[in-house]
Amino acid sequence: MSIDNILQSLTKLDMLHKSLLEVAYKKTEAIKTGDMDSLNQLLKDEQAHVAGISQLEQQRQTEVTDYLRAKGIAPTDNPTVALVLENTNTEEEKAQLTKARKNLLLTLETLKNQNDLNQKLTFQSLQFVNMTLDMLRPKPDQMNYSKTEVKGPSKDKTYFDSQA
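A quick note: this is a predicted structure, and the numbers were derived from the prediction, not measured. (Residues numbered from 1 in each chain as written. Predicted model: local features only at pLDDT ≥ 70, side-chain atom pairs only at ≥ 80, totals over all residues. Heavy atoms only, no water.)

Novice: What's the story with a nonpolar patch on the surface in this structure? I'm lost.
Specialist: Judged by side-chain polarity, F128, V129, M131, L133 and M135 come together as a nonpolar surface patch covering roughly 510 Å² of accessible area. Turning to its location among the elements, F128 is positioned in helix α4 (residues 91–136). Overall, the relative accessible area of 53% leaves F128 in the exposed class. (Patch = residues over 30% accessible without salt bridge, like charges linked within 9 Å, V, L, I, M, F, W, Y side chains within 5 Å. Areas by Shrake-Rupley, 256 points an atom, 1.4 Å probe, with all protein chains shown as cover. Salt bridge = Lys/Arg side-chain N within 4 Å of Asp/Glu carboxyl O. Helix = DSSP H or I, 4+ residues; strand = E, 2+ residues; numbered from the N terminus. Buried < 20%, exposed > 50% of the residue type's maximum accessible area, 1.4 Å probe, protein only.)

In structure tokens, the structure reads:
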């Protein structure tokens, strides 16, 4: 049995992950500029990519399982390309699989790093929004319902103490 189907699946997975990486780069820009309309569309695009990747991953697992069965190896719960590499006879097939696997892993690592950055940027944006809201909201001790003077923070506290 040939590894051609597995190679095709790995190549397609790499291409789809690279496309998802482009979406992640666009998300970074949308987060930086605060473009919520673009961000919403990019989230929809991302969901479509994830659905396609999930389907391709199932196909890859089936192909790996079929390949291993044809070699007389009992399938595992998580059929991996590494297991195929261990059981491939020709050096050419090993080299092709290693290259395809390496490309996909590199794309996945880059995508993970970009998603981590997007998560941090989103968190910082939320912190900024919350800080701004906190500054705009009146503090309970500063409200004046008795039509007398407005109370401020205690004279004993500094600004830093009252915020801690």
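Novice: Help me understand helix α2 (residues 36–70) in this model?
Specialist: Spanning 35 residues, α2 covers 51 Å between terminal C-alpha atoms, matching the ideal 51 Å at 1.5 Å per step. Buried within α2 we find L39, L42, E46, H49, I53, L56, R60, E63, V64, T65, Y67 and L68. Buried residues belonging to α2 abut α1 (4–33), α3 (81–86) and α4. The residue sitting at the N-terminus of α2 and contributing the capping side-chain oxygen is D35; that oxygen lies 3.4 Å from the backbone nitrogen of D37. Directly after α2, the chain includes G72, whose backbone phi takes a positive value near 85°. (Expected span 1.5 Å × (residues − 1). Contact = heavy atoms within 4.5 Å. Polar contact = N/O pair within 3.5 Å; in protein donor to acceptor, adjacent residues only side chain to side chain.)

Novice: Sorry, what's going on with the packing of α1 against α2 here?
Specialist: Helix-helix packing: each pair is described by the crossing angle between the helix axes and the interaxial distance. One way to put it is that α1 packs onto α2 with a least axis distance of 9 Å and a crossing angle of 165°. The angle between α1 and α2 places the two elements in the roughly antiparallel class. The crossing of α1 and α2 is left-handed. Grouping the amino acids of the contact of α1 with α2 by side-chain chemistry returns 15 nonpolar, eight polar and eight charged. (Axes fitted to C-alpha atoms, helices over the stretch in contact; angles between N-to-C directions. Parallel < 35°, antiparallel > 145°, perpendicular 65-115°, else oblique. Left-handed = near helix turned anticlockwise from the far one by under 90°. Nonpolar A, V, L, I, M, F, W, Y, C, P; charged D, E, K, R; others polar.)

Novice: Can you walk me through the layout of surface pockets in this structure?
Specialist: If you add up the space inside the second largest pocket, you get close to 180 Å³. At the level of secondary structure, the elements contributing two or more residues to the lining of the second largest pocket comprise α1, α2, α3 and α4. Counted by class, the lining of the second largest pocket contains eight nonpolar, two polar and three charged residues. (1 Å grid on protein atoms, 1.4 Å probe; cavity = no way out; pocket = protein on both sides within 12 Å on 5 of 7 lines; lining within 4 Å. Points joined across faces, edges and corners; volume = space filled by probe spheres on them.)

Novice: Can you help me understand the nonpolar core in this one?
Specialist: Where a protein is soluble and globular, its nonpolar side chains tend to be buried together. I3, I6, L10, Y67, L68, V84 and L97 are the most contacted members of the largest nonpolar core, which has 21 residues in total. Of all elements in the fold, only α1, α2, α3 and α4 reach the threshold of two or more residues within this core. Top contributing element to this core by residue count: α1, with seven residues. In this structure, V23, A30, L39 and L42 belong to the second largest nonpolar core, which totals six residues. (Core = buried A, V, L, I, M, F, W, Y, C linked by side-chain atoms within 4.5 Å.)

Novice: Would you mind showing me how to read the packing of α1 against α4 here?
Specialist: Axis separation between α1 and α4 bottoms out at 9 Å; the angle between their running directions is 20°. With respect to their mutual orientation, α1 and α4 come out roughly parallel. Judged by the twist between their axes, the crossing of α1 over α4 is left-handed. Grouping the amino acids of the contact of α1 with α4 by side-chain chemistry returns 16 nonpolar, eleven polar and five charged.

Novice: Please clarify how the pattern of salt bridges should be interpreted in this entry.
Specialist: Once their charged atoms are close, side chains differing in charge can pair, the charge on each being opposite to the other. Considering all chains together, one arrives at six salt bridges under this definition. Between K18 and D14 there is a salt bridge, with its nearest N and O atoms 3.3 Å apart. Here the residue K18 and the residue D14 both occupy positions in helix α1, the gap between them amounting to four residues, near one helical turn. Taking relative accessible area as the criterion, D14 reaches 8% and is therefore assigned buried. For the salt bridge of E57 with R60, the shortest nitrogen-to-oxygen distance reads 2.5 Å. Remark: R60 and E57 occur in helix α2; sequence separation between them is three residues, near one turn of the helix. In this structure E57 comes out as partly exposed when scored by relative accessible area, which is 26%.

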